[in-house]
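# What the coordinates show
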Amino acid sequence: MNSISRFFSSINNISTHEFDNNDFRNVYKSASELLIDASKNAKIKDNFKSYYFEPTATIISFIESEKTKSKYNLLYDIYTGEIVFYSSIENWENLKNIDDKFWADLINICQNCEIKFSAGSKPFYDKEITPEFNANFKSIIFNMMSVYVTAMLETKSERENFNFGQLEIIWTTETTCIADIITELNDSFKIFYRLNYLLWKAEDIRRQNRNSRKNKRLIR
């Protein structure tokens, strides 16, 4: 039985309450394998380490990039029956450095996959002054940019503790066939990783420039 079969067979057993401990272990292992396979299908030149959380209402496995330290989570929600793939957006202050090609690719994928942006835990604006921002906009890019613009109005020290948000995609086996879930997982993994890589790369360049300027001052 391959990772796809093990994953969906195990969550089906859990959903029908006909499961044992092996089903939980199978979900963890097969979910990690599905994520690793998605990274390989995307031809990503990176290595990943697999982890999992102790089971609660959700069963979560995730892999972490050795290069960028970004994380990619695949979970099964026991209560809702939903399968969720999500990744937090790191180094978000560099969103201004993302070129139009990436945004075009994101829009293109969103035409086929219901990818959403979920903002962090707090609003970065005064609801009385700008109540218009207190809405769920149709455009994923506008949702991200509204959070970015308002968050950048905060001080640098406050921004360091912000949970900017995450990209996510949600499925249920009742409404989406397994083949489509796997295809959308592969497509969304590629775009999620690409965004985090570009943000990390922009930060890495900024760090190198700062070190270069510092070294020049020391030489003088």
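Read on for an overview of the structure. (Residues numbered from 1 in each chain as written. Predicted model: local features only at pLDDT ≥ 70, side-chain atom pairs only at ≥ 80, totals over all residues. Heavy atoms only, no water.)

## Considerations on the overall build of the chain
- Across its full length, the chain holds six helices and six strands.
- Seen along its three principal axes, the alpha-carbon backbone of the chain occupies a region of about 70 × 50 × 30 Å.
- Out of the 220 residues in the chain, the part that is buried amounts to 43%.
- In the chain, the proportion of contacts linking residues at least 24 apart, taken out of those at least 6 apart, comes to 64%. (Helix = DSSP H or I, 4+ residues; strand = E, 2+ residues; numbered from the N terminus. Buried < 20%, exposed > 50% of the residue type's maximum accessible area, 1.4 Å probe, protein only. Contact = heavy atoms within 4.5 Å.)

## A few points about the environment of Asn-186
- Along the chain, Asn-186 turns up in helix H6 (residues 178-219).
- A C-alpha to C-alpha distance of 7.6 Å links Asn-186 and Ser-39, two positions 147 residues apart in sequence.
- With residues up to four places along the chain from it excluded, the contact list for Asn-186 reads Ala-38 and Asn-41.
- At 3.5 Å, the side chain of Asn-186 forms a polar contact with the side chain of Asn-41. (Polar contact = N/O pair within 3.5 Å; in protein donor to acceptor, adjacent residues only side chain to side chain.)

## Let's talk about the sheet that holds strand S3 (residues 71-77)
- Taken together, six strands build an open sheet; the order of strands is S1-S2-S3-S4-S6-S5 and the sheet is antiparallel. Two strands lie at the open edges of the sheet, namely strand S1 (48-52) and strand S5 (116-119), each paired on one side alone. Pairwise comparison of adjacent strand axes, ignoring direction, gives a mean angle of 25° for this sheet.
- Looking at chain direction, S3 and strand S4 (residues 82-88) are connected through four bridges and run antiparallel. (Pairing = 2+ DSSP bridges. Axes fitted to C-alpha atoms, helices over the stretch in contact; angles between N-to-C directions.)

These figures capture arrangement, not role.
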